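Chains, contacts and geometry: an overview
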Amino acid sequence: MNQATVWSKNDRYPLVLLVLLALALIWSLIRPVDYFTWVLEVLPAVLGAVLLTALYRRFRFTNLVYTLIWLHALILIVGGHYTYAEMPLFNWIRDTFGLERNYYDRLGHFVQGFVPALIVREVLLRKTALGSGSWLTFLTVSVCLAISAVYELIEFAVAKTTGTAAEAFLGTQGDVWDTQWDMLLAFIGALTAVILLSGVHNKLLKQLRY
């Protein structure tokens, strides 16, 4: 079996994810609640897809990481279409269980820690001398918290620049503790990912050719 054939088979899964992501992006673009909010929410997913595509031949992640990135991008895209405060499924959950707010943004910030944790973990294991252990966990979670903090600063800057136009983007829904919850959920998400998926991730890394 020649190298071209191996690459062709290895490339199929990420390509399928990319095509599905493009279809979801097209769907989300059709009559969203607000086009400005759509751009703000969807832009990180688009930039991430472009970056991963550009780096693909030089650094191919495991399929587990690509799947998680795809799911994270879908959460952003759906949030861009409906806004985080008006996602229908989570409105139904709010109304059914008598909750105070739509918690779709909470899911987004949990995933904001969960998914980068596997990305950071893979980069550290493949590009540094670190092995599995407490230092890897500490650095992984720390980087995820830093990413989440930077995103909070970006949200703050957008809010200051655009005023009320960014309200749907922030999705605070009147919650004065929103930023604190966002950081806490990102921390929990990162720690959960490391605890639950490290074993599977290590096995997949051993199988990956790089």
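Residues numbered from 1 in each chain as written. Predicted model: local features only at pLDDT ≥ 70, side-chain atom pairs only at ≥ 80, totals over all residues. Heavy atoms only, no water.

As annotated in an unreviewed UniProt entry, the protein is DUF2238 domain-containing protein from Paenibacillus polymyxa.

1. Considerations on the side chain of Glu122
Short version of the rule: Each helix is a run of H or I in the DSSP string that is no shorter than four residues. Each strand is a run of E no shorter than two, and both are numbered from the N terminus. Only protein chains enter the calculation, and the probe is 1.4 Å; a residue is then buried if its accessible area is under 20% of its type maximum, exposed if over 50%, and partly exposed in between. Any two residues having at least one pair of non-hydrogen atoms within 4.5 Å are treated as being in contact.
By the secondary structure assignment, Glu122 is in helix H5 (residues 104–127). Look at Glu122 and you get buried, because its relative accessible area is 0%. With sequence-adjacent residues up to four places away left out, Glu122 is seen in contact with Arg60, Phe61, Thr62, Val65, His201, Leu205 and Leu208.

2. Points about helix H3 (residues 63–82)
Spelled out, the test is: Helix span, as expected, comes to 1.5 Å for every residue beyond the first.
Taking 1.5 Å per residue as the helical rise, H3 with its 20 residues ought to reach 28 Å, and the 29 Å between its terminal C-alpha atoms agrees with that figure. Within H3, 15 of the 20 residues are buried, which leaves the element mostly enclosed by the surrounding structure. Thr83, located one to two residues past H3, shows a positive phi value of around 75 degrees.

3. Regarding the UniProt feature "transmembrane region" (unreviewed entry) in the protein
Inclusion rule: UniProt positions are given in the numbering used here, feature names are shortened, and annotations may be inferred rather than shown by experiment.
In this numbering, the UniProt entry assigns the feature "transmembrane region" (unreviewed entry) to residues 12–30, 36–56, 63–84, 107–124, 136–154 and 183–200. Taken end to end, residues 136–154 is 100% helix and 0% strand, and its two terminal C-alpha atoms sit 27 Å from one another.

4. Quick word on unusual backbone geometry
Although it is not a glycine, Arg31 adopts a positive phi angle of roughly 50 degrees. As for its position among the elements, Arg31 is in the loop between helix H1 (3–29) and helix H2 (35–55). Judged by its relative accessible area of 73%, Arg31 is exposed. With a phi close to 75 degrees, Thr83 is a non-glycine residue in the positive phi region. Topologically, Thr83 is positioned in the loop between H3 and helix H4 (88–97).

5. Points about the nonpolar core
Condition: Residues enter a nonpolar core if they are buried and are Ala, Val, Leu, Ile, Met, Phe, Trp, Tyr or Cys, with the set joined through side-chain atoms within 4.5 Å.
Membership of the largest hydrophobic core comes to 37 residues, with the highest contact counts inside it found for Leu68, Tyr104, Ala117 and Leu118. Every element with two or more residues in this core is listed here: H1, H2, H3, H5, helix H6 (134–162) and helix H8 (178–207). No other element matches the 11 residues that H3 contributes to this core. Apart from the residues within four sequence positions on either side, Leu68 is in contact with Phe114, Val115, Leu118 and Leu197. Val120, Leu124, Leu125 and Leu136 belong to the second-largest nonpolar core, a separate cluster that totals five residues.

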